[in-house]
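# Coordinate inspection notes
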Amino acid sequence: MLFHVSFRVEHTRLDRNEFWDEWERETQAALAALEAGVIKSLYKVAGQRRVIGIVEVESHDQLDQIVMGALPMSHHLTLEEVLPVREYTAFAEDVRRRWQS
């Protein structure tokens, strides 16, 4: 299952060094997830403490487990938006077939 996710990083409980130490741990985990294929694409929004991406997980449960506990910064993240998405090529094929099986 593919999902578009949007996170805002809340940092008010951390001093500057703690914030960057935690964000560094998060970047290491994110890069590993990109390499493993769980994260399909990931972007940092310029000028904001916000990250958006496309992730591929087996279930809603797995997404919840990752967001609520597996991420190094899970206790500093606000999940702003989660949207189920699909590959555009599959959509295009459905359109071509006019939604006929």
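Because the structure is a prediction, the values reported are computed rather than measured.

As a further point, take the sheet that holds strand β1 (residues 2-9). Strand order in this open sheet of four strands is β2-β3-β1-β4, and the pairing throughout is antiparallel. A strand with exactly one partner marks an edge of an open sheet, and here the two such strands are β2 (39-44) and β4 (77-85). Averaged over all pairs of adjacent strands, the angle between strand axes in this sheet comes to 15 degrees, irrespective of strand direction. Sheet topology note: the β2/strand β3 (residues 50-56) ladder contains five bridges and is antiparallel. In the sheet register, Tyr43 faces β3, and the bridge partner there is Ile52. Along the sheet, helix α1 (residues 16-36) contacts β1, β2 and β3; its crossing angle with β2, the most-contacted strand, is approximately 150 degrees.

Inspection of the secondary structure puts Trp99 in the segment after α3 (88-96). Expressed as a C-alpha distance, the spacing of Trp99 and Arg49, which sit 50 residues apart in the sequence, is 40 Å. Ignoring anything within four residues of it in the chain, the contact list for Trp99 reads Arg86, Phe91 and Asp94.

Enumeration according to the criterion identifies five aromatic pairs in this entry. Through pairs of rings, three or more aromatic residues link up here, namely Phe19, Trp20 and Trp23.

The next subject is the pattern of salt bridges. Side-chain pairs of opposite charge can arise whenever the charged atoms involved come near each other. Evaluated as defined, the whole model comprises eight salt bridges. A salt bridge links Glu80 to Arg50, with the shortest nitrogen-to-oxygen separation between them at 3.1 Å. Taken together, the positions of Glu80 in strand β4 and Arg50 in strand β3 put the pair 30 residues apart, joining distant regions of the chain. On the basis of relative accessible area, Glu80 is assigned to the partly exposed category, the value being 38%. Residue Arg50 is classed as partly exposed on the basis of its relative accessible area of 23%. Where Asp94 meets Arg97, a salt bridge forms, and the shortest distance between an N and an O atom there is 2.6 Å. Each member of the salt-bridge network shares a partner with another, and the members are Arg86, Glu93, Asp94, Arg96 and Arg97.

Cut-offs applied
- Residues numbered from 1 in each chain as written.
- Predicted model: local features only at pLDDT ≥ 70, side-chain atom pairs only at ≥ 80, totals over all residues.
- Heavy atoms only, no water.
- Pairing = 2+ DSSP bridges.
- Helix = DSSP H or I, 4+ residues; strand = E, 2+ residues; numbered from the N terminus.
- Axes fitted to C-alpha atoms, helices over the stretch in contact; angles between N-to-C directions.
- Contact = heavy atoms within 4.5 Å.
- Phe/Tyr/Trp six-rings, centres within 6.5 Å; stacked < 30°, edge-to-face > 60°.
- Salt bridge = Lys/Arg side-chain N within 4 Å of Asp/Glu carboxyl O.
- Buried < 20%, exposed > 50% of the residue type's maximum accessible area, 1.4 Å probe, protein only.

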